[in-house]
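# Remarks on the overall topology
So the chains spell out like this:
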Amino acid sequence: MSDEHIDEVSGISTTGHEWDGIRELNNPLPRWWVICFYITIVWALGYTIFYPAWPMLTSATKGVLGYSSRNEVKNELAAADAAKDKYVAAVQSKSVSEILADDTLREFAVAAGGAAFKVNCTQCHGSGAAGSKGFPNLNDDDWLWGGKPDQIQQTITHGIRFVLDSDTRVSEMPAFAEVLTAEQIAQVSTFVASLSGGVENSALIAPGAKVFAESCAACHGDTAKGNREVGAPDLTDAIWLYGSGESAIAAQVRAPRQGVMPAWGARLGETKVKELAVYVHSLGGGE
């Protein structure tokens, strides 16, 4: 430590402290900064008095105002629920078609249905509702049971092949390996593949058409356009649930896979099902 003196470079006096030849300048903080610093101290002390602040063994000090961030969130959620109650009541009282005809109500139902879809439906149909192998794409216009609003609602409510719901949609394609020969399966698979594209062996088309007429037309129709009454798909388009091509079709003919969709009506309730139906219809493939 040395005596106070004036720094030769800055012209500011030193405090008298020296460390290895380095002297400390006596350069106090600006008064405004010091005042602000003391204000923050006073504000912090006041905060600890009025609001929860100091941790205790099992809780924290309550503060004289009794403020709780949990209660604030609870009140905000209650206010949000109250604001949407009138829309929920309207959805509950109207049919899906009536909801779609009301621009404001449709917008609400699409938003609510989209949220419900993300929670309950994306696991199978994907986040964008594009589906995957064995799970239908809900964005296109290919519908086994119909894409009108009430038909979509019916499917969501009661599911498909869901044995716990007596009103579920039911279709079951027979395992034709027990009915047709391997040659007949190859023929009919080639015929079906030819309806939506080229095939490798065109000589099988004619006999395959005969097999189709005898064994498949009862459900899929004489023109193979399908039958929504029994959930039989259109075989003339390029949309395939379990894969396209002769080998994939032959596999389905031999031992068809039968997907199951749960019945959501009992779990979600009629109002939420309506919102889901409106959302699915809004994706662009609805009729």
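Residues numbered from 1 in each chain as written. Predicted model: local features only at pLDDT ≥ 70, side-chain atom pairs only at ≥ 80, totals over all residues. Heavy atoms only, no water.

Structurally, tryptophan 240 is set in the loop between α9 (217-220) and α10 (246-254). For tryptophan 240, a relative accessible area of 23% translates into the label partly exposed. Placed 106 residues apart in sequence, tryptophan 240 and glycine 134 show a C-alpha to C-alpha distance of 8.8 Å. Contacts of tryptophan 240, omitting those with residues within four sequence positions, involve Val192, Ser196, Leu235 and Ile249. (Helix = DSSP H or I, 4+ residues; strand = E, 2+ residues; numbered from the N terminus. Buried < 20%, exposed > 50% of the residue type's maximum accessible area, 1.4 Å probe, protein only. Contact = heavy atoms within 4.5 Å.)

Scanning the entire structure with this criterion turns up 8 aromatic pairs. Taken together, a centroid distance of 5.7 Å and an interplanar angle of 75° make the contact between tyrosine 51 and tyrosine 67 edge-to-face. Highlighted residues: tyrosine 51 in the loop between α1 (31-50) and α2 (69-93) and tyrosine 67 in the loop between α1 and α2, separated in sequence by 16 residues. With relative accessibility at 30%, the residue tyrosine 51 sits in the partly exposed group. Given a relative accessible area of 36%, tyrosine 67 falls into the partly exposed group. Judged by centre distance (5.4 Å) and plane angle (55°), the rings of phenylalanine 191 and phenylalanine 212 are tilted. Of this pair, phenylalanine 191 sits in helix α7 (residues 182-194) while phenylalanine 212 sits in helix α8 (residues 205-215), and the two are 21 residues apart along the sequence. In this structure phenylalanine 191 comes out as buried when scored by relative accessible area, which is 14%. Members of the aromatic cluster, connected to one another through ring pairs, are Trp43, Tyr47, Tyr51 and Tyr67. (Phe/Tyr/Trp six-rings, centres within 6.5 Å; stacked < 30°, edge-to-face > 60°.)

A few words on a nonpolar patch on the surface. There is a patch of nonpolar side chains on the surface, built from Trp43, Tyr47, Ile49, Phe50, Tyr51, Val64, Leu65 and Tyr67 and spanning about 830 Å² of accessible area. Mapping leucine 65 onto the fold places it in the loop between α1 and α2. (Patch = residues over 30% accessible without salt bridge, like charges linked within 9 Å, V, L, I, M, F, W, Y side chains within 5 Å. Areas by Shrake-Rupley, 256 points an atom, 1.4 Å probe, with all protein chains shown as cover. Salt bridge = Lys/Arg side-chain N within 4 Å of Asp/Glu carboxyl O.)

What follows is about the UniProt feature "binding site: heme c 1" (unreviewed entry) in the protein. UniProt's feature table lists "binding site: heme c 1" (unreviewed entry) at Cys121, Cys124, His125 and Met261, given in the numbering used throughout. Taken together, the annotated residues stretch across 141 residues yet fold into one region, lying no more than 10.8 Å apart by C-alpha. Residue classification places histidine 125 among the buried residues on the basis of a relative accessible area of 13%. Excluding residues that lie within four positions of it along the chain, histidine 125 makes contacts with Phe117, Ala130, Gly131, Pro136 and Leu138. Under the relative-accessibility criterion, methionine 261 is labelled buried at 19%. For methionine 261, the contacting residues outside a window of four places in its chain are Thr155, Ile156, Gly159, Ile160 and Phe162. (UniProt positions renumbered as here; feature names shortened; annotations may be inferred.)

What the domain assignment lists for the protein is domain 1 (6-61), domain 2 (72-168 + 261-283) and domain 3 (182-254). Taken as a group, Asp142, Leu144 and Trp145 account for 51% of the area that domain 2 buries against domain 3, more than any other trio of residues on that side. Joining domain 2 to domain 3, the criterion identifies 0 salt bridges. Taken together, the residues of the side of domain 2 that touches domain 3 sort by class into 5 nonpolar, 4 polar and 4 charged. (Domains from an automatic or database assignment. Buried area = accessible area lost by both parts, 1.4 Å probe. Nonpolar A, V, L, I, M, F, W, Y, C, P; charged D, E, K, R; others polar.)

Within a regular beta strand, the side chains point alternately toward one face of the sheet and then the other, so they alternate between its two faces. Here strand β1 (residues 14-19) pairs with strand β2 (residues 22-25) via 3 bridges, running antiparallel. Among the inter-strand pairings, glutamate 18 is bridged to a residue of β2, identified as arginine 23. (Pairing = 2+ DSSP bridges.)

Applying the stated criterion across every chain yields a total of 0 disulfides. Cysteine cysteine 121 shares no disulfide, and the gap to the nearest cysteine sulfur, in cysteine 124, comes to 8.5 Å. (Disulfide = S-S within 2.5 Å.)

In this structure the tally under the stated criterion is 6 salt bridges. The closest approach of N and O atoms between glutamate 270 and lysine 274, which form a salt bridge, is 3.6 Å. Here lysine 274 and glutamate 270 lie together in helix α12 (residues 270-282), a separation of 4 residues that amounts to about one turn. Judged by relative accessible area, lysine 274 falls into the buried class, the value being 4%.

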